[in-house]
Amino acid sequence: MRAETETRWIVLGTDGRHVSLGRSEPSEAEVMAASDALAAQGLSGWLARMQGDYYSRARVKLEPLQRIGAAHDAEWQAALTAFHAARHRATH
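Summarised in this report is the structure supplied together with it. (Residues numbered from 1 in each chain as written. Predicted model: local features only at pLDDT ≥ 70, side-chain atom pairs only at ≥ 80, totals over all residues. Heavy atoms only, no water.)

## Quick word on the pairing of strand 1 (residues 7-13)
No. 1: The element strand 1 is extensively covered by neighbouring structure, given that 5 of its 7 residues are classed as buried.
No. 2: Here strand 1 pairs with strand 3 (residues 44-51) via 7 bridges, running antiparallel. Looking at the pairing, Val11 lines up with Leu47 of strand 3.
No. 3: Of the strand pairs in this sheet, strand 1 and strand 2 (residues 18-22) are connected by 4 bridges, and their pairing is antiparallel. Looking at the pairing, Leu12 lines up with His18 of strand 2. (Buried < 20%, exposed > 50% of the residue type's maximum accessible area, 1.4 Å probe, protein only. Helix = DSSP H or I, 4+ residues; strand = E, 2+ residues; numbered from the N terminus. Pairing = 2+ DSSP bridges.)

Spatial relationships are all this shows, so hold off on functional conclusions.
Here is the structure:
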């Protein structure tokens, strides 16, 4: 029997920093609050869906859903690379 893959919604900053919003899809108000909090600090990022166990050694999959925070033209791939590096530091 195969275990079900965990799904979480996260805020991913352009520099790889991230925070979980939970296991259920956030409301529009929650997304707006996260976006406003980032913008107030001059930061930006993405609302993303993460699939997989954050603390396992297996790779997790991230899907960008929406740009949030301050206006930005940052590349998703650079943020994703920084995320994986931060996750590696946190789990090893």
